[in-house]
Protein chains: 2
Amino acid sequence: MAISEKNHPLMLGLAGFGTVGSGLAKILDENQADIMRRCGRNVRIKSILVRDPAKKRPYPFPQGSRLCADASALVSDPEIDVIVELMGGIEAAEKLVRMALEAGKHVVTANKALLAEKGAPLFKLAAEKGLHLGYEASVCGGIPIVQTLQEGLAANSITSISGILNGTSNYILSAMTGSGLPFEVALKQAQELGFAEADPTLDIEGFDAAHKLTLLIRLAWGVDYPFTQLPITGITRVAAEDIQFAREFGYNIKLLGQARMEDGRLEAGVFPTLVPNNYLLAKVGHSYNAVRIEGNAVGSIFLHGLGAGDLPTGSAVAADILNIARGALANNTGYAIANLPKAQIMPPREAKASYYFRLMVLDRPGALRDVAAAMADHNISIAQAIQKGQENVVPLMFMTHDTTARDVEAALQQVKGTGILSAEPVHYRVMPPPAK
Amino acid sequence: MAISEKNHPLMLGLAGFGTVGSGLAKILDENQADIMRRCGRNVRIKSILVRDPAKKRPYPFPQGSRLCADASALVSDPEIDVIVELMGGIEAAEKLVRMALEAGKHVVTANKALLAEKGAPLFKLAAEKGLHLGYEASVCGGIPIVQTLQEGLAANSITSISGILNGTSNYILSAMTGSGLPFEVALKQAQELGFAEADPTLDIEGFDAAHKLTLLIRLAWGVDYPFTQLPITGITRVAAEDIQFAREFGYNIKLLGQARMEDGRLEAGVFPTLVPNNYLLAKVGHSYNAVRIEGNAVGSIFLHGLGAGDLPTGSAVAADILNIARGALANNTGYAIANLPKAQIMPPREAKASYYFRLMVLDRPGALRDVAAAMADHNISIAQAIQKGQENVVPLMFMTHDTTARDVEAALQQVKGTGILSAEPVHYRVMPPPAK
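Residues numbered from 1 in each chain as written. Chains lettered and ligands numbered in written order. Predicted model: local features only at pLDDT ≥ 70, side-chain atom pairs only at ≥ 80, totals over all residues. Heavy atoms only, no water.

1. A look at the side chain of threonine 400 of chain A
Quick reminder of the rule: Counting from the N terminus, the helices are DSSP H or I runs at least four residues long and the strands are E runs at least two residues long. Any two residues having at least one pair of non-hydrogen atoms within 4.5 Å are treated as being in contact.
Inspection of the secondary structure assignment puts threonine 400 of chain A in strand β14 (residues 393-400). Not counting chain neighbours up to four residues away, the residues in contact with threonine 400 of chain A comprise Ser354, Tyr355, Phe357, Ile380, Ser381, Ile382 and Ala383 of chain A.

Right, dumping it as structure tokens:
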């Protein structure tokens, strides 16, 4: 980029002007002087693509910007340098991002679903064109996790990632932990306070965390992990009693997105997980996000911040935009290869972990023996156990040493076959200790 | 940088081959395949400047490298792209970095003392020459805090920084907190275990943390804060009993580097500080480092990791080197101005904070009245107090609401004047709550 170009304002075309778009406009306006000092040039929103110009917005349209109803007019405007995609959804966003890259525009997006499910060809196109496809805002809002993996930890071989990647789920689990509320009540509270949407499916079923995990895997290992193959379990069936029993064992239950490299194969998924309560991850409260990354040089790094909201997410969108304004290198996937290979995936049933179990056992002779036999028959070794005295049905909780998901499944089938359970057994993974 | 150049290996000249140099060599060797995938080119150590070639090293000199005893030969080698300064100390390092920049070489350094005390003209020279002066490793080792301030939070107006910036001090304070050890014993243990040097002055007197804070201030606010004007108090006089009393009030004592912008003036310093024990900063144990940054868009961001050691620090040195290998933009201070202005500094005596006091009061009539009067006379309002019954001398601990350092000093003079104290009064700042 020539010096003369650098002194012109960088011109943006925004697609969408909801929460994040408004936050971005506010940041570019209020922090104009800081931005100018840091980049040596201004950043201006020239055009905004909105479906409904009359809709009430949280922040006025920025001064000097004009509305536009046609995506092709937006991407073909020769004065616009960067298309900022904040529409959400997959199909229309994909079309817009592709059009923008083909028209030679840099793209900045907060759209994790798009990049997790349809990202590979878009990253390839951006690489071929030498354009930025910035997505800092798409993983954990204001936390600079994308850049940390692209650059800060670039000299590391990454061994694992563990993250609290969804603020809504963390808010609900934290409320359940703090006050013993059942899931449905905590969800309703979260909705009333604006921490969960009217349709919370994407958040509480783990899909949002899984989208982010897919992007983190691409950054950490330079591979394409097909989103459809990622094991995902949300928090809708986490019971208040399991949270309490986990605490008795010294753990907090968190919705964890987790990936680790084991002998060249990736073991990954999103699950409610018991996190030892002396870990920083266990102390992440409210709607905060946090990620722990282990690398073979850096050891363990932990980043914590707000994963959503107009200004935190706007801060990350703006960070990508300012890098473009400075003329920074496009380093989208963090790899010098246009086609990333497919991930070598460890079959989920082979994955080893230690587990928490809660079995509701009928109070009759031999019941405990049957449970113990089923575990022993499948080489599952029990580390600690609690049995609570109750009438008729005895809750039996135990933590195991490392075992495979296959053995867990088989042992549970065997226990169920004995007819001693009064309810579906509950089991959760325990967060593994740091890599050696 | 042309494509052909990009495919050549990036050639390094190392100055120094101690802990960090060895760690860097190990990382470049073991993670060669990852580095190649990420950068599209190799990185090689061509020459190493050492004072004593015969000295025993923790890691062998890298294959294909040659030793060199003359700094001017190192910087004038036309095959070398980057000089990596890992000698430590100020004078010789300054001379080498200046020579390297003048010879048109990029520089990467882990030398916080050099950049804090003599950085301004070096950054200016690098900017004039369009060269990288990379220093990710100089603040908190493996934590990517420099880049976070240069880029990730670039769209923010930063309101405050609070950091545990020295691992040795944190190790000692954590040991004192965990086991009630007195300072001298904890220091000796730290030395035996390799967490403190034989001469620990730079660490325990707060100078190392102050060097890092000076660099963080430059990054956060784009100003030059003269190192000699920074208030610095180390941990050598922190008493085990104050750690225990602080815990009774709900706080941990940490050595905090802290800076905040108040009405356009910077209030900054390094002090033992009471941190509320529900803050993540209070939970930073062992020799870990952590930084909390508040920005007007991002809210609060917290980063945690290893601040020292061959591999964590080597990881950060390598991150800077890989950015150069990729042809990234030089963004050294994070500002588009070659001459950063001097900081507008709030006189330390005007700084407002709440305080913890411990007064050893002679057990005689009117003593408590005299203390309370001195505080009231200087508008110091007491938030909570503990008095411990002991013979002859009564320890009186209290926490105040916000007050200025000037009023604290005056109140203490007045108390001392009454003759009721049996020992020098102790007072520590309390970490302020997040900015509104």
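2. Observations concerning the interface of chain B and chain A
This is how it is decided: By buried area we mean the combined loss of accessible area, with a 1.4 Å probe, across both parts when two parts are placed together. What counts as a salt bridge is simple: a side-chain nitrogen of Lys or Arg found within 4 Å of a carboxyl oxygen of Asp or Glu. Whenever two N or O atoms come within 3.5 Å, that pair is a polar contact, provided that in protein one can donate a hydrogen and the other can accept it, and provided that, for residues adjacent in sequence, both atoms are side-chain atoms. Just so you know the grouping, Ala, Val, Leu, Ile, Met, Phe, Trp, Tyr, Cys and Pro go in nonpolar, Asp, Glu, Lys and Arg go in charged, and all remaining residues, Gly too, go in polar. Strand pairing is assigned whenever DSSP identifies at least 2 bridges connecting the two strands.
In this complex, chain B contributes 58 residues to the contact, which on the side of chain A involves 58 residues. Taking both sides of the interface into account, the surface hidden between chain B and chain A amounts to around 4500 Å²; carbon and sulfur atoms contribute 51%. Among the residues chain B hides against chain A, the three largest losses belong to Arg37, Arg38 and Ala155 of chain B. Together they make up 17% of the total. Counting across the chain B and chain A interface gives zero salt bridges. If you look at where chain B meets chain A, you find 30 residue pairs in polar contact (both at pLDDT 80 or more). Counting residues per element, the ones that place at least two in the side of chain B that touches chain A are α3 (32-39), α7 (145-152), α11 (207-221), β11 (299-306) and α13 (310-326) of chain B. For the side of chain B that touches chain A, the leading source of residues is α13 of chain B, giving eight residues. Partitioned by chemical class, the residues of the side of chain B that touches chain A number 32 nonpolar, 19 polar and seven charged. Judged from the three bridges that link them, strand β11 (residues 299-306) of chain A and β11 of chain B form a sheet pairing that is antiparallel. Residue phenylalanine 302 of chain A lies in a different strand from β11 of chain B, and its bridge partner there is histidine 304 of chain B.

3. With respect to the sheet that holds strand β3 (residues 66-68) of chain B
Pairing is parallel in the open sheet, where six strands are placed in the order β3-β2-β1-β4-β5-β6 (chain B). This sheet does not close on itself; its edge strands, each paired only once, are β3 and β6 (133-134) of chain B.

4. A word on the nonpolar core
Going by this rule: The criterion is simple. A nonpolar core is a set of buried Ala, Val, Leu, Ile, Met, Phe, Trp, Tyr and Cys residues joined through side-chain atoms within 4.5 Å. Residue burial is assigned from relative accessible area. The probe radius is 1.4 Å, only protein chains are included, and a residue is buried under 20% of its type maximum, exposed over 50%, and partly exposed in between.
Counting residues in each nonpolar core, the largest one holds 174 residues, and the members touching the most others are Ile145, Leu149 and Ile217 of chain A together with Ile145, Leu149 and Ile217 of chain B. What isoleucine 145 of chain A contacts, discounting residues up to four positions off in sequence, is Glu136, Val139, Cys140, Leu216, Val291, Ile293 and Leu303 of chain A. Within the second largest apolar cluster, 33 residues are counted, among which are Cys39, Val50, Ala137 and Leu311 of chain B.

5. Things to note about the pairing of β11 of chain B
Residue and element names in this part refer to chain B. In terms of burial, β11 is a largely internal element, six of the eight residues being buried. In the sheet, strand β10 (residues 288-295) pairs with β11 via eight bridges, with the strands oriented antiparallel. The residue bridging alanine 290 from the neighbouring strand is histidine 304, located in β11. Where β10 folds back onto β11 in an antiparallel hairpin, the turn is made up of three residues.

6. Thoughts on the sheet that holds strand β5 (residues 106-109) of chain A
Residues and elements named next belong to chain A. Heads up, the rule is: What counts as an axis is a line fitted to C-alpha atoms, over the stretch in contact for a helix, and the angles between N-to-C directions run from 0 to 180 degrees.
Within the open sheet, the six strands sit side by side as β3-β2-β1-β4-β5-β6. Their pairing is parallel. The sheet is open, and its two edges are formed by β3 (66-68) and β6 (133-134), each paired on a single side. Across six bridges, strand β1 (residues 10-15) lies against strand β2 (residues 43-49) in parallel orientation. Its bridge partner being in β2, alanine 15 is matched across the sheet by leucine 49. Sitting on the sheet, helix α5 (residues 91-102) touches β1, β2, β4 (82-85), β5 and β6, and the angle it makes with β4 is about 170 degrees.

7. Things to note about helix α14 (residues 367-377) of chain A
All names here are of chain A. Put simply, the test is: To obtain the arc, one takes the directions from the helix axis to the C-beta atoms.
Those residues of α14 that fall on the buried side of the exposure criterion are Ala367, Val371, Ala374 and Met375. Looking straight down α14, one finds its buried side chains confined to an arc of 95 degrees; they lie on one side. Away from its buried face by more than 90 degrees, α14 exposes Arg369 and Asp377. Structurally, α14 contributes buried residues whose contacts are with β12 (352-362), β13 (382-387), β14 and α15 (405-417). Positive phi shows up at asparagine 379, right after α14, with a value of about 60 degrees.

8. Notes on the relation of the copies chain B and chain A
Definition in use: Here the copies were fitted onto each other by least squares, based on C-alpha atoms from residues at pLDDT of at least 70 in both.
Overlaying chain B with chain A gives an RMSD of 0.0 Å, the required rotation being 180 degrees about an axis along which the chain moves by 0.0 Å. Expressed as a symmetry operation, the mapping of one chain copy onto the other fits a two-fold axis. Using C-alpha coordinates, one finds that chain B approaches the rotation axis most closely at leucine 303 of chain B, a distance of 2.3 Å. Both copies contact each other with a shared surface, as 100% of the interface residues of chain B are interface residues in chain A too.

9. Some remarks on the pattern of salt bridges
It is possible for side chains bearing opposite charge to pair when their charged atoms get close. Going through the model one piece at a time under the given rule, you end up with 36 salt bridges over all chains. With its nearest N and O atoms 3.1 Å apart, the salt bridge here joins glutamate 248 of chain A to lysine 388 of chain A. Of this pair, glutamate 248 of chain A sits in helix α12 (residues 240-249) while lysine 388 of chain A sits in the loop between β13 and β14, placing them 140 residues apart in sequence. Of the residues examined, glutamate 248 of chain A reaches a relative accessible area of 46% and is grouped as partly exposed. Look at lysine 388 of chain A and you get partly exposed, because its relative accessible area is 27%. Note that glutamate 267 of chain B is salt-bridged to arginine 260 of chain B, the shortest N-O span being 2.8 Å. We note that glutamate 267 of chain B, like arginine 260 of chain B, is buried.

10. Some points on the packing of helix α6 (residues 112-129) of chain B against α11 of chain B
Residue and element names in this part refer to chain B. At a minimum axis separation of 7 Å, α6 and α11 run at an interaxial angle of 30 degrees. Here Lys112, Ala113, Leu115, Ala116, Glu117, Gly119, Ala120 and Phe123 of α6 lie close against α11, whose contacting residues are Asp208, His211, Lys212, Thr214, Leu215 and Arg218. Across the contact of α6 with α11, the residue classes break down as six nonpolar, three polar and five charged.

11. Structural notes on the pairing of strand β14 (residues 393-400) of chain B
Residues and elements named next belong to chain B. β14 sits mainly inside the fold: eight of its eight residues count as buried. Burial of the side chains of β14 extends over both faces: Val393, Pro395, Met397 and Met399 are buried on one face and Val394, Leu396, Phe398 and Thr400 on the other. Pairing analysis gives seven bridges linking strand β12 (residues 352-362) to β14, with the strands arranged antiparallel. The residue of β14 that forms the bridge with methionine 360 is proline 395.

12. Points about the environment of glutamine 150 of chain B
Within the secondary structure, glutamine 150 of chain B is located in helix α7. C-alpha separation for the pair glutamine 150 of chain B and glycine 334 of chain B, spaced 184 residues apart in sequence, amounts to 4.5 Å. When residues no more than four places from it in sequence are discounted, the contact partners of glutamine 150 of chain B are Arg326 of chain A together with Tyr135, Leu219, Asn331, Asn332 and Gly334 of chain B.

13. Overview of helix α9 (residues 183-192) of chain A
Residues and elements named next belong to chain A. Listed in full, the buried residues belonging to α9 are Phe183, Ala186, Leu187 and Ala190. Across the axial projection of α9, the buried residues extend over an arc of 100 degrees, all falling on one side. Exposed and facing more than 90 degrees away from the buried side of α9 are Glu184, Lys188 and Glu192. In the segment just after α9, glycine 194 is the residue with positive phi, at about 85 degrees.

14. A word on the packing of aromatic side chains
Threshold: Working definition: a ring pair exists when centres of Phe, Tyr or Trp rings (six-membered ring for Trp) sit within 6.5 Å. Plane angles under 30 degrees give stacked, over 60 give edge-to-face, the rest tilted.
A full pass over the atoms with the stated rule returns 13 aromatic pairs over all chains. Where phenylalanine 249 of chain B meets tyrosine 356 of chain B, the ring centres are 6.3 Å apart and the plane angle is 75 degrees; that geometry is what we call edge-to-face. With a gap of 107 residues between them, phenylalanine 249 of chain B in helix α12 (residues 240-249) and tyrosine 356 of chain B in strand β12 connect regions that are remote in the sequence. Both residues of the pair, phenylalanine 249 of chain B and tyrosine 356 of chain B, count as buried. Considering the side-chain rings of tyrosine 355 of chain B and phenylalanine 357 of chain B, the 6.3 Å spacing of their centres and the 50 degrees angle between planes classify their relative orientation as tilted. When its relative accessible area of 0% is taken as the criterion, phenylalanine 357 of chain B is described as buried. Each member of the aromatic cluster is reached from another via a ring pair, and the members are Tyr355, Phe357 and Phe398 of chain A.

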